[in-house]
Amino acid sequence: MTNFEFRYASNPKDAAKYNTEELREQFLIDKLFVENQIQLTYSMYDRYIVGGAMPVGKSLPLETIPYLKSENFLDRRELGVINVGGKGTVSVDGEVYVLDKKEALYVGRGAKEVLFSSTDVANPALFYINSAPAHKHFPNKRVTKENAEIVHLGEEKFANKRIINKLIVNSVVETCQLQMGLTELLEGNIWNTMPSHTHNRRMEAYFYFDLEAPQTICHFMGEPQNTRHIFMQNNQAVLSPEWSIHSGAGTANYSFIWGMAGENLDYGDMDIVAPNELR
């Protein structure tokens, strides 16, 4: 079963007037994993799709949705998948890829059948999904930490010491515009993406996971001089428009997945905002 919803893009002047409920309705994706369902959110930010699949005891097919007007989901799209649960498999037109936790799979444009399955019903896989429009086909590729590009950033005195795992980026796998990676904050560190930044050439989505209950994460967004915040729980995602910063601070350490699409594939293309410049 596939559930789907649609989100319009928001003007920053309008978003500045949203109350808490309106802000959450527009940007927060609060339910990604439902047993034996695929949850999809189609966003008008670069027509990006954010979703999750939780197969338990049966395989879940990635079906097309009405917004795509296509016979198959990937007729004009590419797909990134990162497993954040137990071991599972993704079958792409009959070829099976095994994904352990924090491993990724890139699926190129044109694939007809994509099936998600869990290896252990008692510990099901949780497949986090991002998809963007694609102009050509690139080969499918499984990406583990062994062949990811890994960067260590931050300092403990600033509470932002973290490991960035670049999984689906152009230095690791060829894509049209989709980029995804996974950042792990070390114990005792709470800040991500600080100093903050915007990038008008790309939108972004964050998915927070491995957050110990009942802790929370405060995700900061909005224009640098007119910021807003959304409190988030484990296994929730948030859309980040091109005009918005995207930083977070948790009451404990956590991991998060970033996904991007837009004008270019330059990971370093960002406009930095110093901490003391935020308002």
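Residues numbered from 1 in each chain as written. Predicted model: local features only at pLDDT ≥ 70, side-chain atom pairs only at ≥ 80, totals over all residues. Heavy atoms only, no water.

J.: Honestly, the overall build of the protein in this entry has me stumped. Any pointers?
T.: A count of helical and extended segments in the protein gives 2 helices and 24 strands. Taken over C-alpha atoms, the radius of gyration comes to 18 Å for the protein, in line with the 19 Å a tight globule of 279 residues would show. With the principal axes as the frame, the protein shows a C-alpha extent of 55 × 40 × 35 Å. In the protein, which comprises 279 residues, the share counted as buried stands at 56%. Partitioning the contacts of the protein with sequence separation of at least 6, the portion at a separation of at least 24 is 71%. A total accessible area of about 11,900 Å² is found for the protein, and carbon and sulfur atoms account for 48% of it. Averaged over its 27 positive side-chain charges, the protein has a centre that lies 2 Å from the centre of its 35 negative ones. (Helix = DSSP H or I, 4+ residues; strand = E, 2+ residues; numbered from the N terminus. Rg over C-alpha atoms; globule rule 2.2 N^0.38 Å. Buried < 20%, exposed > 50% of the residue type's maximum accessible area, 1.4 Å probe, protein only. Contact = heavy atoms within 4.5 Å. Areas by Shrake-Rupley, 256 points an atom, 1.4 Å probe, with all protein chains shown as cover. Lys, Arg positive; Asp, Glu negative; His and termini not counted. Charge placed at Lys NZ, Arg CZ, Asp CG, Glu CD.)

J.: Got a minute to help me understand the nonpolar core in this structure?
T.: For soluble globular proteins, the rule of thumb is that nonpolar side chains tend to be buried together. If you look at the biggest cluster of nonpolar residues, it comprises 55 residues, and the most contacted ones within it are Phe27, Tyr48, Val50, Tyr128, Phe207 and Ile257. Broken down by element, this core gets its largest block of residues, 6 residues, from strand 18 (residues 202-209). In this structure Val50 touches Ile29, Leu32, Gln39, Leu40, Thr41, Tyr128, Ile129, Asn130, Ala205, Ala237 and Leu239, once residues within four positions along its chain are discounted. In this structure, Ile38, Leu60, Leu74 and Val114 belong to the second largest nonpolar core, which totals 25 residues. (Core = buried A, V, L, I, M, F, W, Y, C linked by side-chain atoms within 4.5 Å.)

J.: Help me out: how do you make sense of the sheet that holds strand 16 (residues 191-192) in this one?
T.: Within a sheet, neighbouring strands are paired by backbone hydrogen bonds and run either parallel or antiparallel to one another. The antiparallel open sheet is built from 4 strands, whose spatial order is 16-22-19-20. The open sheet has two edge strands, strand 16 and strand 20 (226-232), and neither has a second partner. As paired elements, strand 19 (residues 217-223) and strand 22 (residues 247-250) share 4 bridges and run antiparallel to each other. Residue pairing across strands places His219 opposite Gly248, the latter belonging to strand 22. (Pairing = 2+ DSSP bridges.)

J.: Help me understand the side chain of Ser131 in this model?
T.: The residue Ser131 is located in strand 11 (residues 127-133) in this model. For Ser131, a relative accessible area of 0% translates into the label buried. There is a polar contact of 2.8 Å between the side chain of Ser131 and the backbone oxygen of Glu78. Contacts of Ser131, omitting those with residues within four sequence positions, involve Arg47, Tyr48, Ile49, Phe73, Arg77, Glu78 and Leu79. (Polar contact = N/O pair within 3.5 Å; in protein donor to acceptor, adjacent residues only side chain to side chain.)

J.: Mind showing me how you'd approach the pattern of salt bridges here?
T.: Side-chain pairs of opposite charge can arise whenever the charged atoms involved come near each other. Across all of its chains, the model carries 11 salt bridges by this definition. Here Lys112 and Asp75 are joined by a salt bridge, their closest N and O atoms 3.7 Å apart. Here the residue Lys112 occupies a position in the loop between strand 9 (104-107) and strand 10 (114-118), and Asp75 occupies one in the loop between strand 5 (60-61) and strand 6 (77-83), the gap between them amounting to 37 residues. For Lys112, a relative accessible area of 52% corresponds to the exposed category. With a shortest N-O distance of 2.7 Å, Glu184 and Lys102 are connected by a salt bridge. Residue Glu184 is located in strand 15 (residues 179-185), and its partner Lys102 is located in the loop between strand 8 (95-99) and strand 9; the two are separated by 82 residues in the primary sequence. (Salt bridge = Lys/Arg side-chain N within 4 Å of Asp/Glu carboxyl O.)

J.: Explain the packing of aromatic side chains to me, please; I cannot follow it from the model alone.
T.: Working definition: an aromatic ring pair is given by the centre-to-centre distance plus the angle between the planes. Tallied over the full model, the rule gives 16 aromatic pairs. Ring centres 5.8 Å apart and planes at 20° place the aromatic pair Trp191 and Phe220 in the stacked group. Taken as a pair, Trp191 in strand 16 and Phe220 in strand 19 lie far apart in primary sequence, 29 residues in all. Taking 6.0 Å as the distance between ring centres and 80° as the angle between the ring planes, the aromatic pair formed by Tyr206 and Tyr208 counts as edge-to-face. Of the two residues examined, Tyr206 and Tyr208, each falls in the buried class. One aromatic cluster is present, formed by Phe4, Phe6, Tyr8, Tyr42 and Tyr67 through successive ring pairs. In this structure, Lys166 is placed above the aromatic ring of Tyr267, and the distance from its NZ or CZ to the ring centre is 4.0 Å. (Phe/Tyr/Trp six-rings, centres within 6.5 Å; stacked < 30°, edge-to-face > 60°. Lys NZ or Arg CZ within 6 Å of the ring centre and 35° of its normal.)

J.: Hey, could you run me through the pairing of strand 20 in this one?
T.: The pairing of strand 19 with strand 20 spans 7 bridges and is antiparallel. Counted as the bridge partner of Phe220 is His229 from strand 20. Taking the residues between adjacent antiparallel strands as the criterion, strand 19 and strand 20 are bridged by 2 residues.

J.: Please clarify how the sheet that holds strand 23 (residues 255-262) should be interpreted in this entry.
T.: Read from one edge to the other, the open sheet built from 7 strands follows the order 2-21-18-23-15-14-13, with strand pairing classed as antiparallel. Because the sheet does not close on itself, it has two edges, and the strands there are strand 2 (28-29) and strand 13 (149-153). As paired elements, strand 15 and strand 23 share 6 bridges and run antiparallel to each other. Residue pairing in the sheet places Gly181 in a bridge with Trp258 of strand 23.

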